[in-house]
Amino acid sequence: ILSPINFTRRKTGSNDVTFKVEYCGICHSDLHQLRNEWKNSIYPMVPGHEIVGYVTEVGSEVKNFAVGDRVGVGCMVWSCHQCDSCSEGEEQYCEKVVLTYNAINVDGSPTYGGYSSLMVCDQSFVVKIPETLPFDAAAPLLCAGITVYSPMKYLQMSQPGKSLGVVGLGGLGHMAVKIGKALGLKVTVISTSARKEKEAREAFGADHFIISKDPKQMEDAAKSLDYIIDTVSADHALQPLLSLLKVNGKLVLVGLPENPLSFHPAGVISGRRFVGGSSIGGIKETQEMLDFCAEHNISCLIENIPIDYVNTA
């Protein structure tokens, strides 16, 4: 259970941007970390890595941000800037990456996240929130939005007219549907819950809906998809999903179930199918995603809550 604590942020350094936190998303990973489900939790913990706010102070070396700017910080606050991943603009794969919370800063202090009133962050990990995006509904883009955008771009799951399957219609899933539609893809939502069909079609514009527990629906959809983004964080079977892919189809995992997933090799060998994974995205790509979402009027479906409601939420 979360309860208030008082702590101080570092003073604004020469490369730092300090901002007053206006909104912070509640991500499923916050729940994993609170409960120590990933077995690496450091307490006391201040969760939150979908953070937006207004700049209150900038360091002397900061050129791209000014007091009053709308800014955001996502899942990471520092990386080495020297390894291959950093030089490719993929800081999330840096072996020394420092996460926004539940990690140890370069100076040895613990990192605390966005369930707080103030953030201080190295300018390299701060992004601009476009003026046309609603400030509150832009916050979860910094995790959910980039987590689906990055693999779609990297794996070229973005050719207009191709078909995309989205497994799970939660925070990640509904962003995958929206981004997929904006890229011109035909989108099929795959869910265990029939009650999500109306929302998938009417609110997010999905073209098709499959109930994964219905063998007939799954059979009818065999070999119908070019790509699948699997956002599910609960244990589930991969084999039935692979059968939905066409030849050369790609399935990318972005959810983190607790236990290993398995499938029979024939499921991928028989159609030269590919299974992979992807983690968030680099800072340059995160900014690109925000600008894309602003251009296409995409933001997250949210419920706005006060911080003292956080345990219920």
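Residues numbered from 1 in each chain as written. Predicted model: local features only at pLDDT ≥ 70, side-chain atom pairs only at ≥ 80, totals over all residues. Heavy atoms only, no water.

Enquirer: Just to check I follow, could you spell out the overall build of the chain for this structure?
Expert: Looking only at helices and strands, one finds 10 helices and 13 strands in the chain. In summary, the chain has a C-alpha radius of gyration of 20 Å against a globular reference of 20 Å for 313 residues, a match within 12%. Taken over the C-alpha atoms alone, the chain extends approximately 60 × 40 × 40 Å along its principal axes. Across the chain, contacts joining residues at least 24 apart in sequence account for 67% of those joining residues at least 6 apart. (Helix = DSSP H or I, 4+ residues; strand = E, 2+ residues; numbered from the N terminus. Rg over C-alpha atoms; globule rule 2.2 N^0.38 Å. Contact = heavy atoms within 4.5 Å.)

Enquirer: It is not clear to me how the UniProt feature "domain: Enoyl reductase (ER)" (unreviewed entry) in the chain should be interpreted in this structure. Could you clarify?
Expert: Within this numbering scheme, the UniProt entry marks residues 2-313 as carrying the feature "domain: Enoyl reductase (ER)" (unreviewed entry). For residues 2-313, the end-to-end C-alpha separation is 11 Å, with 23% helix and 21% strand making up the annotated structure. (UniProt positions renumbered as here; feature names shortened; annotations may be inferred.)

Enquirer: Help me understand the packing of helix α4 (residues 144-154) against helix α5 (residues 171-182), please; the structure alone is not making it clear to me.
Expert: Working note: a packed helix pair is described by the angle between its axes plus the distance between those axes. Two elements in contact, α4 and α5, have axes whose closest approach is 8 Å; the angle formed by their N-to-C orientations is 50°. As the angle between them shows, α4 and α5 are arranged oblique. Seen along the crossing, α4 lies across α5 with a hand that is right-handed. For the pair formed by α4 and α5, the contact residues are Ala-144, Gly-145, Thr-147, Val-148, Tyr-149 and Met-152 on the first element and Gly-171, Leu-172, Met-175, Ala-176, Ile-179 and Gly-180 on the second. (Axes fitted to C-alpha atoms, helices over the stretch in contact; angles between N-to-C directions. Parallel < 35°, antiparallel > 145°, perpendicular 65-115°, else oblique. Left-handed = near helix turned anticlockwise from the far one by under 90°.)

Enquirer: I would appreciate a short explanation of the pairing of strand β8 (residues 163-167) in the present structure.
Expert: Both faces of the sheet carry side chains from a regular strand, because those side chains alternate between them. Across the 5 residues of β8, 5 count as buried, placing the element largely inside the fold. Burial along β8 is two-sided: the face carrying Ser-163, Gly-165 and Val-167 and the face carrying Leu-164 and Val-166 are both buried. Of the pairings in the sheet, the one linking β8 to strand β9 (residues 186-191) comprises 5 bridges and is parallel in character. Paired with Val-167 across the bridge in β9 is Ile-190. Note on the crossover from β8 through α5 to β9: the handedness is right-handed. (Buried < 20%, exposed > 50% of the residue type's maximum accessible area, 1.4 Å probe, protein only. Pairing = 2+ DSSP bridges. Right-handed = clockwise from strand over helix to strand, strands pointing away.)

Enquirer: What is the right way to look at the sheet that holds β8 in this model?
Expert: By definition, the strands of a sheet pair up through backbone hydrogen bonds, in either a parallel or an antiparallel sense. Strand order in the open sheet formed by 6 strands is β10-β9-β8-β11-β12-β13, with parallel pairing between adjacent strands. Each edge of the open sheet is held by one strand with a lone partner, namely β10 (208-211) and β13 (274-277). Across the sheet, the axes of successive neighbouring strands diverge by a mean angle of 20°, strand direction being ignored.

Enquirer: For this particular structure, what's the right way to read the packing of aromatic side chains?
Expert: Centre-to-centre distance and the angle between the planes together describe a pair of aromatic rings. All told, the structure shown has 4 aromatic pairs when counted by the stated rule. Pairing Tyr-149 with Phe-292 gives two aromatic rings, centres 5.6 Å apart and planes at 50°, and the pair type is tilted. One end of the pair, Tyr-149, is in helix α4; the other, Phe-292, is in helix α10 (residues 283-295), with 143 residues separating them in the sequence. The two residues Tyr-149 and Phe-292 agree in class, both being buried. (Phe/Tyr/Trp six-rings, centres within 6.5 Å; stacked < 30°, edge-to-face > 60°.)

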